Amino acid sequence: MSVTRRCVLRRSGSSLAGHVVLLPDGMSLPQLADKAASVLGVNAARASFFLPSGGEIDDPDLIRDDDVVLVTEGEPVVLGLSVGGSATGKRRLVHTAVPTPAATPLWPPVPSDWVRLCVGGKEFLITRDSLERVSGNRLARMAAALPPGQQTLFVDRDPGCIGVLLHYLRSGELSLSDDTDFVRLHRDAVYYEFHDLAAALAENIDLDADPSTTSTPITRDEVVRLLISASTSGATRCQGMNFQGADLSCLDLRRANFKLANLAGCNLQDCNLDHCSFEQADLTGANLANTHVKGCNFNRATLTAACFVDADGEDPCLQAFASFEGANLKGADLSRSRFSGASFRVATLKGAVLVDCDVRSANLAGADLREVDFSRSNLTSTVLRGANTVGAKFQKNPMGPHMAPSPDNYIVIPKPH
């Protein structure tokens, strides 16, 4: 049975009597806001509703018959109501203001001569005198511009080298460790305007060097800890990291993001790499033998002399195909690999070995296939339009591991439409 209730809508903080409105069952909060806008003139988009006890109403079905509902437009609600008389004999509502408890400060207080730095979410403390020891630096200027009573600076930047710079401000000495990234330290010195320090660093480092090759390579133990701490639902973030020469064999690295990472000479044998991204990564000489690479993104990656022997990039559901578009696979070994449906469009495979491969329906349009060995491979319905096949070997073997003894074993190049 449908039950219609009534309530009194009142503007919080107003001494005027409210309006009695009907509340049909199933009324939504936006509909209640529109009703309040029509009778009280409030902004429906900003309207909030409270009981006199202070509880916020998020469902009109919680309102009982004859309830008084206070309406606000984002301002603090004035709580507590009583009914009194007036000189005219009319009933009116009398407000009792209930003070809102003071909010707990986000940051604990620090002495007035100190400044709190929050860099990339990491907190540091330093005195104002120490900040000013390097004349005209950016941090000192930011601290001087803080309004009275404000002592926290927020900087949206990687906090990796800020500790070194703050130690330099306190002691005048540069405290470095074996794993200090000098290129990143120089960039921070330039950003924070430590001009003398930046000039001294520039004289001793190669500023044009790739940070992924100058930093210390990540070890297997560090990768395992990273995998343990990573969310099981999201991708492991490894963008731009240096894994050069690391042994990562037999690890489950599904959905990891290795974009722009340095994996030259890395051992990834027997890994599960399904749906990983290696876009623009350096995998020169990497060992990816017997890996699972379904749905992997190798677009524009450097895979010179990489090993994909027995790699499996097939998706039984025909939905997630490996992609090597624009990649450099010069001299790579893909023997006995399974890449049906994969895209090698405009990739460089000069001198690569694709013996006994399954590349049915793969897209090799515009690829550099000079001197590629396709012996005994299944290229049924493979797209070779615009590819350079000078010197390539296409020896067929009807009894090869991926080929059934039928006329379809010959290379098929679809005609352009």
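Summary of the structure given here.

Rules behind the numbers
Residues numbered from 1 in each chain as written. Predicted model: local features only at pLDDT ≥ 70, side-chain atom pairs only at ≥ 80, totals over all residues. Heavy atoms only, no water. Buried < 20%, exposed > 50% of the residue type's maximum accessible area, 1.4 Å probe, protein only. Helix = DSSP H or I, 4+ residues; strand = E, 2+ residues; numbered from the N terminus. Pairing = 2+ DSSP bridges. Axes fitted to C-alpha atoms, helices over the stretch in contact; angles between N-to-C directions. Contact = heavy atoms within 4.5 Å. Phe/Tyr/Trp six-rings, centres within 6.5 Å; stacked < 30°, edge-to-face > 60°. Lys NZ or Arg CZ within 6 Å of the ring centre and 35° of its normal. Polar contact = N/O pair within 3.5 Å; in protein donor to acceptor, adjacent residues only side chain to side chain.

A look at the pairing of strand 7 (residues 114–119)
Burial analysis of strand 7 places five of its six residues in the buried class, the great majority of the element. Across six bridges, strand 7 lies against strand 8 (residues 122–127) in antiparallel orientation. Counterpart to valine 119 in the pairing with strand 8 is lysine 122. As consecutive antiparallel partners, strand 7 and strand 8 are separated by two residues, and within that stretch glycine 120 has a phi angle of approximately 60°, a positive value. Pairing geometry for strand 7 and strand 9 (residues 152–155), over four bridges, is parallel. Each residue of the ladder has a partner; that of arginine 116, found in strand 9, is threonine 152.

Let's talk about the sheet that holds strand 4 (residues 67–72)
With mixed pairing, four strands are arranged side by side in an open sheet as 2-1-4-3. In this open sheet, the two edge strands, each paired with only one partner strand, are strand 2 (19–23) and strand 3 (48–50). Going from strand to strand, the sheet's axes swing by 40° on average, the running direction of each strand aside. Here helix 1 (residues 29–40) sits on the sheet and contacts strand 1 (5–11), strand 2, strand 3 and strand 4; the angle it forms with strand 1, its principal contact strand, is near 60°.

Some words on the packing of aromatic side chains
Evaluation of the coordinates by the stated rule reveals 13 aromatic pairs. Aromatic pair phenylalanine 258 and phenylalanine 278: ring centres 5.1 Å apart, planes at 5°, arrangement stacked. Of this pair, phenylalanine 258 sits in the segment after helix 8 (220–229) while phenylalanine 278 sits in the segment after helix 8; the two residues are 20 residues apart in sequence, bridging distant segments of the chain. An identical accessibility class is assigned to phenylalanine 258 and phenylalanine 278; each is buried. A ring pair is formed by phenylalanine 324 and phenylalanine 344, whose centres lie 4.7 Å apart and whose planes are at 0°; its orientation type is stacked. Pair noted here: phenylalanine 324 is in the segment after helix 8 and phenylalanine 344 is in the segment after helix 8, with a separation of 20 residues, a long-range link. Residues phenylalanine 324 and phenylalanine 344 agree in their burial class; the two are buried. Ring-pair connections join several aromatic residues into one group, and the members of that group are Phe243, Phe258, Phe278, Phe298, Phe308, Phe324, Phe339 and Phe344. The ring of tyrosine 191 carries the charged tip of arginine 157 above its face, separated from the ring centre by 4.0 Å.

Observations concerning helix 4 (residues 162–171)
All buried positions along helix 4 are accounted for by Ile162, Val164, Leu165, Leu166 and Leu169. For helix 4, the secondary structure elements touched by its buried residues are strand 7, strand 8, helix 2 (128–131), helix 3 (138–144), helix 5 (182–191) and helix 6 (195–202). Backbone geometry just downstream of helix 4 places glycine 172 in the positive-phi region, at approximately 75°.

As for the side chain of arginine 5
Turning to its location among the elements, arginine 5 is positioned in strand 1. Within the local environment of arginine 5, its side chain forms a polar contact with the backbone oxygen of proline 60, the two atoms lying 3.2 Å apart. Residues within four places of arginine 5 in sequence aside, it is in contact with Val21, Leu22, Leu23, Pro24, Asp25, Pro60, Asp61, Ile63 and Asp65.

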